[in-house]
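Residue-level structure breakdown
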Amino acid sequence: MDELSIGAWAWFWLVFFIVGTLGIGVYAMTKTKTDEDFAVARKSYGPYILVLALASTIASGATFMGIPGLAYDKGFPALWYPAIYPIGIYIGLILSVQLIKRAGDAFRSNSLPEFLGQRFDSDFLRVGFALLSLLLIYYVTAQVVAAATAFEVMLGVDYQWGVIVTVIVIGIYITIGGSHADILTDAFQGGLMLLIALLITVMFFLGTGTEGGAAGINAAIGAQDASLTWDNYFSAGDPIFGSLWLVILMFIAHLPFAMNPHIGNKAFALKDSAQLRKFLIMAIPIGSILGFAVLGGLHARALIGPELRPDAAIPALFVELFPPALAGFLGIAILSAIISTADGLFVSIAVIFSNDLYRKTFSHKIHPNKSQKEVEKTALNISRGATILTVFAAMWLAWNPPDFLAILLWIGVGGIMSGAAGPLVIGSIWRRSTKAGAISSFLVGVVSYAAMWLVIGWQNPFGAAGVCVILASVVMVVVSLVTEPMPEDKLNEIFSPVRK
Amino acid sequence: MKKTAVHAELSDKQIRFGIKSAYPFRRFLNKYEKEGFLTFWYPWYYVSVTVQMDTYLKKGMAYKDLVAVDCLRPIRERVTSYPEIHSSGVMKGIVPDLKITEKDADDEAIDLMKGIVLSRNKLLKDYELSADNCRLFYLKTFVVKLKNRPPQDWLYIDEHFQAAAKLSLRPEVLSYIQKENVDY
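Treat the numbers as computed from the prediction; the structure is a model and nothing was measured.

Conventions we followed
Residues numbered from 1 in each chain as written. Chains lettered and ligands numbered in written order. Predicted model: local features only at pLDDT ≥ 70, side-chain atom pairs only at ≥ 80, totals over all residues. Heavy atoms only, no water. Helix = DSSP H or I, 4+ residues; strand = E, 2+ residues; numbered from the N terminus. Buried < 20%, exposed > 50% of the residue type's maximum accessible area, 1.4 Å probe, protein only. Contact = heavy atoms within 4.5 Å. Areas by Shrake-Rupley, 256 points an atom, 1.4 Å probe, with all protein chains shown as cover. Core = buried A, V, L, I, M, F, W, Y, C linked by side-chain atoms within 4.5 Å. Phe/Tyr/Trp six-rings, centres within 6.5 Å; stacked < 30°, edge-to-face > 60°. Patch = residues over 30% accessible without salt bridge, like charges linked within 9 Å, V, L, I, M, F, W, Y side chains within 5 Å. Salt bridge = Lys/Arg side-chain N within 4 Å of Asp/Glu carboxyl O. pLDDT = per-residue confidence, 0-100. Disulfide = S-S within 2.5 Å. Arc of directions from axis to C-beta. Axes fitted to C-alpha atoms, helices over the stretch in contact; angles between N-to-C directions. Parallel < 35°, antiparallel > 145°, perpendicular 65-115°, else oblique. Left-handed = near helix turned anticlockwise from the far one by under 90°. Pairing = 2+ DSSP bridges.

Focus on the overall build of chain A
- Across its full length, chain A carries 22 helices and zero strands.
- Looking at chain A as a whole, 62% of its 500 residues qualify as buried.
- A fraction of 82% describes how many contacts in chain A between residues 6 or more apart in sequence connect residues 24 or more apart.
- When the accessible area of chain A is evaluated, it comes to approximately 17900 Å², of which 69% is carbon and sulfur surface.

Re the nonpolar core
- Core analysis: the largest hydrophobic core is formed by 132 residues, its most contacted members being A:Phe64, A:Phe129, A:Phe318 and A:Trp410.
- For this core, the element with the most residues is helix H8 (residues 136–155) of chain A, which contributes 14 residues.
- In this structure, B:Val6, B:Trp44, B:Leu72 and B:Ile75 belong to the second largest nonpolar core, which totals 34 residues.

A look at the packing of aromatic side chains
Residue and element names in this part refer to chain B.
- What the rule picks out here adds up to 14 aromatic pairs over all chains.
- Here Tyr 42 and Tyr 156 contribute two aromatic rings whose centre-to-centre distance is 6.2 Å and whose plane-to-plane angle is 55°, an arrangement assigned as tilted. Taken as a pair, Tyr 42 in strand S2 (residues 34–55) and Tyr 156 in strand S6 (residues 155–158) lie far apart in primary sequence, 114 residues in all.
- Ring plane angle 35° and centroid distance 6.0 Å describe the contact between Tyr 82 and Phe 137, whose orientation is recorded as tilted. Separated by 55 residues along the polypeptide, Tyr 82 in the loop between strand S4 (76–78) and helix H2 (102–120) and Phe 137 in strand S5 (residues 124–146) bring together distant segments of the chain.

Notes on a nonpolar patch on the surface
Residues and elements named next belong to chain A.
- Together, Leu 244, Trp 245, Ile 248, Ile 470, Val 474, Val 477, Val 478, Leu 481 and Val 482 line one region of the surface with nonpolar side chains, adding up to about 800 Å² of accessible area.
- Elements that contribute at least two residues to the nonpolar patch include exactly helix H12 (244–254) and helix H21 (461–482).
- With six residues, the top contributor of residues to the nonpolar patch is H21.
- Position of Val 474 among the secondary structure elements: in helix H21.
- You can call Val 474 partly exposed: its relative accessible area is 46%.

So, the confidence of the model for chain A
- The pLDDT averaged across chain A works out to 78; a share of 81% of its residues lies at or above 70.
- Considering only residues more than four positions removed or in separate chains, one finds that residues 31–43 of chain A, a stretch of pLDDT under 50, has 48 contacts.

A look at the state of the cysteines
- For the structure on display, the rule yields zero disulfides over all chains.
- B:Cys134 provides the cysteine sulfur closest to B:Cys71, a residue in no disulfide bond, and the two sulfurs are 8.0 Å apart.

Side note on helix H22 (residues 488–495) of chain A
- Of all the positions in H22(A), only A:Lys490, A:Leu491, A:Ile494 and A:Phe495 are classed as buried. Along the axis of H22(A), the buried positions cluster into a sector of 120°, meaning they face one direction only.

Remarks on the environment of A:Leu326
Residue and element names in this part refer to chain A.
- Looking at the element boundaries, Leu 326 is found in helix H17 (residues 324–366).
- Among the residues examined, Leu 326 registers a relative accessible area of 37% and is labelled partly exposed.
- Put simply, Leu 326 and Ala 10 are 316 residues apart on the chain and 9.1 Å apart in space, counted from C-alpha to C-alpha.

Digging into the pattern of salt bridges
- Counting across every chain of the model gives 14 salt bridges over all chains.
- Residue B:Glu172 pairs with B:Arg73 through a salt bridge whose shortest N-O separation is 3.8 Å. Taken together, the positions of B:Glu172 in helix H3 (residues 171–179) and B:Arg73 in the loop between strand S3 (61–70) and S4 put the pair 99 residues apart, joining distant regions of the chain. The residues B:Glu172 and B:Arg73 share a single accessibility class, namely buried.
- B:Glu108 is the partner of B:Arg76 in a salt bridge, and the nearest nitrogen-oxygen pair spans 3.8 Å. One end of the pair, B:Arg76, is in strand S4; the other, B:Glu108, is in helix H2, with 32 residues separating them in the sequence.
- For B:Arg76, a relative accessible area of 4% translates into the label buried.
- Salt bridges here are not isolated pairs; linked through shared partners, they connect A:Arg499, B:Arg76, B:Glu108 and B:Asp111.

Concerning unusual backbone geometry
Residues and elements named next belong to chain B.
- The phi dihedral of Asn 133 falls on the positive side, at around 55°, and the residue is not glycine.
- Of note, Asn 133 is situated in strand S5.
- The class for Asn 133 is partly exposed, based on a relative accessible area of 44%.
- Its identity is not glycine, yet Asn 148 carries a phi of approximately 60°, on the positive side.
- On the basis of relative accessible area, Asn 148 is assigned to the exposed category, the value being 75%.

So, the packing of helix H4 (residues 61–74) of chain A against helix H15 (residues 295–304) of chain A
Residues and elements named next belong to chain A.
- The contact between H4 and H15 brings their axes to 7 Å, and the two run at 40°. One element, H4, and the other, H15, form an angle in the oblique class. Of the two elements, H4 crosses H15, and the hand of that crossing is right-handed. Here Pro 68, Ala 71, Tyr 72 and Asp 73 of H4 lie close against H15, whose contacting residues are Gly 297, Leu 298, Ala 300 and Arg 301.

Brief notes about the pairing of S3(B)
All names here are of chain B.
- When you tally the buried positions in S3, you get eight out of 10 residues, the bulk of the element.
- One ladder, built from three bridges, connects S3 with S4; its direction is antiparallel. The residue bridging Val 67 from the neighbouring strand is Arg 78, located in S4.
- Turn length for the S3-S4 hairpin, with the two strands adjacent in sequence and antiparallel, is five residues.

Looking at the side chain of A:Arg126
Residues and elements named next belong to chain A.
- Take Arg 126: it is sitting in helix H7 (residues 123–133).
- Looking at Arg 126, the relative accessible area reads 9%, which means it is buried.
- Apart from the residues within four sequence positions on either side, Arg 126 is in contact with Pro 113, Glu 114, Gly 117, Asp 356, Lys 360 and Thr 361.

Take a look at the structure:
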């Protein structure tokens, strides 16, 4: 067996993974006495399972490929990223999740756009945020690119074939997407990613493959390019890690990250509000550990040199350091995590079409005579159609891979962040927020972000999102202060609801 | 309708937890002290919901779920079990009026489960939901009076759902406290 190549092992593990996934699906269908596990895709989870699910949702292709890719290319200054982003994400989550969970329960929200519409009593915000959330397609694309890159590096198949195989595997995932499969794969992958991140961290500090631990890695990188070593806190002239100001913007940009529909939704799955505390306390360290996967990018640079495509750094590191069987397994494990994130995103996008746009907004206009049951049936069909459409759109966008996954991902996420910062984050914690403030903030956030990309052409998505988040937040506060407060009754309905 | 009183005890540890939850930045100063407490019997309907569904992969599935419906606030929670009954009997303290009927609770429970079944099942073909066995539980909760603080700042502690908040955030409880002239 030792003679098998890394590619052969990777194929072996891929088949193992697909058969295993199908097996979980079949097991889920046949196992239960009551059918409950299949029927309710995400049954009420406890905080332990949900923390792993949240971690595996936040940490995706970008965590194991895109961000290490940045570190591979930009050296130690890229370490700002893992130091900053978990703190930003989880502070944002702590600030707003309690209200979103509480009010979401009270208002029966199925999604964040729906909640936003209810918070400010505004159809415009619901539809606007739903349409804006369609930018998640870039997030999906980033996952497909990541998976296809892993196929390319690990399995030796052409990138374009990698895209096709990825989409087929995702299709299998969606088809067997019963609940038990979801529960098992989410929690299992979260745990596995945690182990891989720890492994990468330990290997980095031991300096595996080099002499002298982390210092050895630093020296090897310095021999290639002195501006990449740990003596450089910032990477002069770099649009992302060039100065402290840019790093602060990166932090600000991540504050509303948890407001992404597919992440914030996790809060709705908690069994009850009392578990939020435990959930949040565990989420921060686990999220931080996953961030350390970035160290693998530095390690790969030291060991392999500068010739790789940056996003391939971690798979290449595994190939370099481990025997073929283990390297193949680790690569496929990361691949499965990427695919499970993409799977969740497809569902989120489908919910935008079926729930936020059709069921809540347009059904009573275009189907005024349909019964509630018929409307729900149509919504289901729309959800399926939207999923298929999204798969093909992602495939088309992923066909020609960009240089940096993380940047591709942030084209979409940055737009959502900029629009969500005011209405969702400030609106969740500040009672005085008004409808006019929320709409102005949403518009300013989105338009300014588009201007950053299209007019100014700033090549730093974190910086662009950071500036737009600040701008949108200021607009939210100023406009709210100069406009009429929302009626006290309405506010009580949200912040402390009582039955009439 | 069978009313079941679910008892709980109030310990100093719970009060400390309540102060910590409601006033996260002030607990170090040890500023608030308990002056007394009263019992508030919080009503919840527990509704069993039968879910029947066909998916494209499997037909004729059925199972039972359980939903707790808050009788004073528009809140529904999917729960795993009925409250554990230590003893039942006379309810001393404040017993609020129910704001919903058994039928309302059934509707709310079905609505919650419909949202879950519809939005979370990818291959759903058809479904039918029905509510049965609606039971009313009075869960023993506590209002802790704090020295030199107005009622809005007092603590509300719900041991069963592990909730603790300032009374200003629980107006449905506060209104009863202000209405009743209770001796601590």
